[in-house]
Amino acid sequence: MKMVSKEGQTMVDVTKVYPDNGNIVMVCKLMGAYSMKIYLKPEELRKAISLVNWDLIKELPDMLVKGTAGEEKLREIGNNLCRLGPDALHIILGENGQSRLAGAAAELGVATFGTLVDSTLLLLQILLQDKK
C-alpha cells in the first residue's frame, strides 16, 4: 500500500501489517529510502476514530470500487439495489422494519444516516477512552 504526496511521490510504502504484543506493526519504507517498522499502539488507534466522519465513510465504497476489474458489475448491482427504493428497507429489515427503524431514529434525535454515523463515532470516542 502506497501513500503518496499530492504530486504523486511515494511517501510511505507499507509492505506488511501484523499484530505484535497488542500493537499493529507496519513494515514500510519512508520516502523510498528508510526501511522501518512503525508501531501503532491501541491508544493511538482509538484516537484515529476522531479523524473519521460521515463524509469520509460515504466515499469509501466508491473509492474501493473505482478502478477494479469488477467495477462495472459492482456499480450495476448498486444501481439495482437503489432502484428498489423503499422496498429495499422492507427486504433488508423485514416486516415493520422501516417503522421500527424510523422510531428508533426519532428517539435518538437522528435526522439522517450521516447524523447517526457521526453520533456513533462520537460515542465510540467516549466508550473507548484511555484509562487515566
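Numbers given to residues run from 1 along each chain, matching the order in which its sequence is written. Given that the model is predicted, a residue must reach a pLDDT of at least 70 before its local features are reported, and side-chain atom pairs must reach 80 or more before they are shown or counted; all residues, however, enter totals for whole chains, interfaces and linings. Calculation of side-chain values draws on the structure's entire complement of heavy atoms; hydrogens and water are dropped beforehand.

Novice: Help me understand the pattern of salt bridges in this model?
Specialist: When the charged atoms of two side chains with opposite charge come close together, those side chains can pair. For salt bridges, the criterion is a side-chain nitrogen of Lys or Arg within 4 Å of an Asp or Glu carboxyl oxygen. All told, the structure shown has five salt bridges when counted by the stated rule. Put simply, Glu-71 and Arg-75 hold a salt bridge, and the shortest N to O gap is 3.0 Å. One end of the pair is Glu-71 and the other is Arg-75, both in helix α3 (residues 71-83) and four residues apart, which spans about a single turn. You can call Arg-75 partly exposed: its relative accessible area is 33%. Among the ionic pairs, Lys-73 bridges to Glu-76, the shortest N-O distance being 3.7 Å. Pair noted here: Lys-73 and Glu-76 are both in helix α3, with a separation of three residues, about one helical turn. Only protein chains enter the accessibility calculation, which uses a 1.4 Å probe; a residue is then buried when its area is under 20% of its type maximum, exposed when over 50%, and partly exposed in between. Assessed through its relative accessible area of 57%, Lys-73 is described here as exposed. Among the charged side chains, a salt-bridge network with shared partners connects Asp-62, Glu-71 and Arg-75. Numbering of helices and strands runs from the N terminus, with a helix taken as a DSSP run of H or I at least four residues long and a strand as a DSSP run of E at least two residues long.

Novice: Before we go on, may I ask you to explain helix α2 (residues 54-65) in this structure?
Specialist: Helical geometry note: an α-helix holds 3.6 residues per turn, so side chains three or four residues apart project in the same direction. Under the rule applied, a polar contact is a pair of N or O atoms within 3.5 Å (in protein, one hydrogen donor and one hydrogen acceptor; residues adjacent in sequence only if both atoms are side-chain atoms). A distance of 3.1 Å separates the backbone nitrogen of Asp-55 from a side-chain oxygen at the start of α2, and that oxygen is part of Asn-53. Among the residues trailing α2, Gly-67 stands out with phi positive, at a value near 85 degrees.

Novice: So what exactly am I meant to see when it comes to the packing of aromatic side chains here?
Specialist: Aromatic ring pairs are reported here in terms of the distance separating the ring centres and the angle at which the planes meet. In summary, the pairing rule links any two rings of Phe, Tyr or Trp, Trp by its six-membered ring, whose centres are within 6.5 Å, and it sorts them by plane angle into stacked for under 30 degrees, edge-to-face for over 60 and tilted for everything else. For the coordinates displayed, the defined rule picks out zero aromatic pairs. Both a distance and an angle decide whether a charge sits over a ring: NZ of Lys or CZ of Arg must be within 6 Å of the ring centre and within 35 degrees of the ring normal. When the ring centre of Tyr-18 is taken as origin, the NZ or CZ atom of Lys-16, which lies over that ring, is 5.3 Å away.

Novice: Help me understand the sheet that holds strand β3 (residues 23-30) in this model?
Specialist: Sheets are built from strands paired through backbone hydrogen bonds, the pairs being either parallel or antiparallel. One bridge is not enough; two strands pair if DSSP finds at least two bridges between them. In spatial order, the strands read β1-β2-β3-β4; together these four strands make up an open sheet with antiparallel pairing. Edge positions in the sheet fall to β1 (2-4) and β4 (34-40), since each of these pairs with one other strand and no more. Averaged over all pairs of adjacent strands, the angle between strand axes in this sheet comes to 30 degrees, irrespective of strand direction. Pairing of β3 with β4 involves seven bridges; the strand directions are antiparallel. Across the sheet, residue Met-26 finds its bridge partner in β4, namely Ile-38. Axis geometry follows a simple rule: fit a line to the C-alpha atoms, using only the stretch in contact for helices, then measure angles between N-to-C directions, giving values from 0 to 180 degrees.

Novice: Looking at this structure, I do not really get the environment of Thr-10. What am I missing?
Specialist: With respect to the secondary-structure elements, Thr-10 resides in strand β2 (residues 10-20). Under the relative-accessibility criterion, Thr-10 is labelled partly exposed at 25%. Distance in space between the C-alpha atoms of Thr-10 and Gly-32 is 6.9 Å, their sequence separation being 22 residues.

Novice: Would you mind showing me how to read a nonpolar patch on the surface here?
Specialist: The residues that make up patches have over 30% relative accessible area and no salt bridge, and they are joined within 9 Å when like-charged or within 5 Å when they are Val, Leu, Ile, Met, Phe, Trp or Tyr. Using a 1.4 Å probe, accessible areas were evaluated by the Shrake-Rupley method; residue-level cover was limited to the displayed protein chains. On the surface, Leu-74, Ile-77, Leu-81, Leu-84, Ile-91, Ile-92, Leu-93 and Leu-101 cluster together into a nonpolar patch covering about 750 Å² of accessible area. Listed by contribution, the elements that provide at least two residues to the nonpolar patch are α3 and α4 (86-93). Checked against the element boundaries, Leu-74 lands in helix α3. A relative accessible area of 44% means that Leu-74 is categorised as partly exposed.

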